[in-house]
Amino acid sequence: MIPRTIERDGATLRFIDQTLLPERLEVVACTDVDRLARAIRRLEVRGAPALGIAGAYGVALAAMTSTETDYGPFVEDVAKAAAYLRVTRPTAVNLGWGIDRTLAALRATGTVDGAVEAAVREADHIAREDEEVCRALGRNGADLIPDGARVLTHCNAGALACSTWGTALGVVRSAVESGKKVSVTACETRPLLQGARLTAFELHEDGIPARVITDSTAAFLMQRGEIDCVVVGADRITQDAVFNKIGTYMHAVCARYHGIPFYVAAPLSTFDTIHRAADITIEERDEDEIGAFSGKRTVPSGVPCTNFAFDATPLDLVSAIVTEKGVLRPPYGQMQGIFK
Ligand code: MRU
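Just so we're clear, the structure is a prediction, and the values are computed from it rather than from any experiment.

A. Inspection of the site of the ligand at higher detail. Taken together, 18 residues lie near the ligand, and Arg46, Ala48, Arg89, Asn244 and Lys245 sit nearest. Taking Gln194, its side chain carries an N or O atom lying 2.9 Å from an oxygen atom of the ligand. For the ligand, the accessible surface in isolation is 410 Å², of which the surrounding protein chains cover 100%. Across the shell around the ligand, the residue classes tally to eight nonpolar, six polar and four charged. Looking at the shell around the ligand, you find at least three residues from each of domain 1 (6-135) and domain 2 (140-339).

See the structure below:
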């Protein structure tokens with residue numbers, strides 16, 4: 001198993017720089033909020049649950065490094081850093097969730113020392129809790145995976161997207177742990193190749209059979225009868241849609257056409273039951289991520305590229321949503337109830 005994606009070591013955060021994988025597994029030592037914000041924007045740290053942990057630790061880091069000695073200005077100082085971190089990636093709801101939980105813990109105190117301690121404790125708690133949540137979610141989802149299943153996944157919803165274990169890959173890992181034979185087809189996930197670089201890396205490390213395809217090969221494999229189910233993660237689940245890496249919607253449409261179950265695996269922290277899809281900002285990234293490959297221009301300069309990072313899959317295309325509390329089935333009317 002690869003090291004934890006993100007961990008605290010005293011006043012230092014250590015995270016795997018995911019932009020370097022699979023070539024190099026390098027752990028970055030980070031001691032300030034600016035460096036963490038850059039890591040989130042550059043996708044050194046990425047994936048919804050890992051962003052939740054990063055947000056939480058970002059608040060803890062801001063608290064540990066603030067030079068304010070009076071409680072009021074100290075809280076304002078940390079809140080400013082939190083606001084700066086929150087906008088680094090707008091679609092994944094976990095980032096704001098981790099930030100808000102840690103800010104609330106910090107605000108429930110009345111002294112600077114107490115606030116620093118509370119923020120660090122809450123962020124550590126969020127990081128530890130993530131593993132328990134992924135393991136529970138994995139166990140719940142494993143029952144959906146038949147022995148011998150050929151699973152298609154998109155992007156990386158594995159250990160690297162969480163503290164460890166993963167959501168979609170957590171389901172696969174739990175199925176394998178329970179004795180089932182499972183193989184995974186990982187869509188490469190243009191343009192940043194999280195599927196090819198990260199999902200394939202993790203599965204290979206664990207000895208789980210895997211292959212990589214171009215995103216556009218998925219429908220063809222479904223048509224050939226080579227895919228038994230699709231399992232993906234999520235960045236946000238609203239009342240009517242699942243937001244996940246761009247290309248997910250395409251797989252859901254194709255899976256429905258071919259009668260293949262389409263499963264989403266996500267912790268409750270990824271649910272946003274107050275919003276609808278139309279309310280959500282979809283992150284648009286630099287067009288150079290599409291316009292150039294391996295440092296070489298592939299699109300004529302002057303021709304614009306549109307680079308949406310996520311899409312929204314309507315809930316009626318989703319066969320089930322696997323959470324740590326159980327498996328939700330259509331029509332998802334019980335979504336609010338799961339939080340009770
Ligand atoms: O842009 P990324 O790499 O952060 O996108 C990540 C995804 O889309 C994942 O599928 C999602 O965050 C779920 S991770 C458990």
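B. Region of the structure containing the domain arrangement of the protein chain. One can read the domain layout of the protein chain as domain 1 (6-135) and domain 2 (140-339). The straight-line distance from the C-alpha centre of domain 1 to that of domain 2 is 25 Å. Taken together, both faces of the contact between domain 1 and domain 2 bury some 2600 Å²; the carbon and sulfur share is 57%. Counting across the domain 1 and domain 2 interface gives one salt bridge. A salt bridge links Glu283 to Arg89; the nearest nitrogen and oxygen atoms lie 2.9 Å apart. Linking domain 1 with domain 2 are 15 residue pairs in polar contact (both at pLDDT 80 or more), by the criterion used here. When residues of the side of domain 1 that touches domain 2 are traced back to their parent elements, those giving at least two are helix H2 (48-65), helix H4 (93-107) and helix H5 (112-142). The greatest single-element share of the side of domain 1 that touches domain 2, amounting to six residues, is contributed by H5. Per-class residue counts for the side of domain 1 that touches domain 2 are 16 nonpolar, five polar and six charged.

C. How the structure looks around the sheet that holds strand S7 (residues 229-232). If you trace the seven strands from one edge of the open sheet to the other, you get S6-S5-S4-S7-S10-S14-S15, paired in mixed fashion. On the outer flanks of this sheet lie strand S6 (210-213) and strand S15 (326-328), each paired with one strand and no other. In this sheet, adjacent strand axes meet at a mean angle of 25° when their direction is disregarded. Both strand S5 (residues 183-187) and S6 contribute to a ladder of four bridges, which runs parallel.

The rules behind the values
- Residues numbered from 1 in each chain as written.
- Predicted model: local features only at pLDDT ≥ 70, side-chain atom pairs only at ≥ 80, totals over all residues.
- Heavy atoms only, no water.
- Near = heavy atom within 4 Å.
- Polar contact = N/O pair within 3.5 Å; in protein donor to acceptor, adjacent residues only side chain to side chain.
- Areas by Shrake-Rupley, 256 points an atom, 1.4 Å probe, with all protein chains shown as cover.
- Nonpolar A, V, L, I, M, F, W, Y, C, P; charged D, E, K, R; others polar.
- Domains from an automatic or database assignment.
- Buried area = accessible area lost by both parts, 1.4 Å probe.
- Salt bridge = Lys/Arg side-chain N within 4 Å of Asp/Glu carboxyl O.
- Helix = DSSP H or I, 4+ residues; strand = E, 2+ residues; numbered from the N terminus.
- Pairing = 2+ DSSP bridges.
- Axes fitted to C-alpha atoms, helices over the stretch in contact; angles between N-to-C directions.

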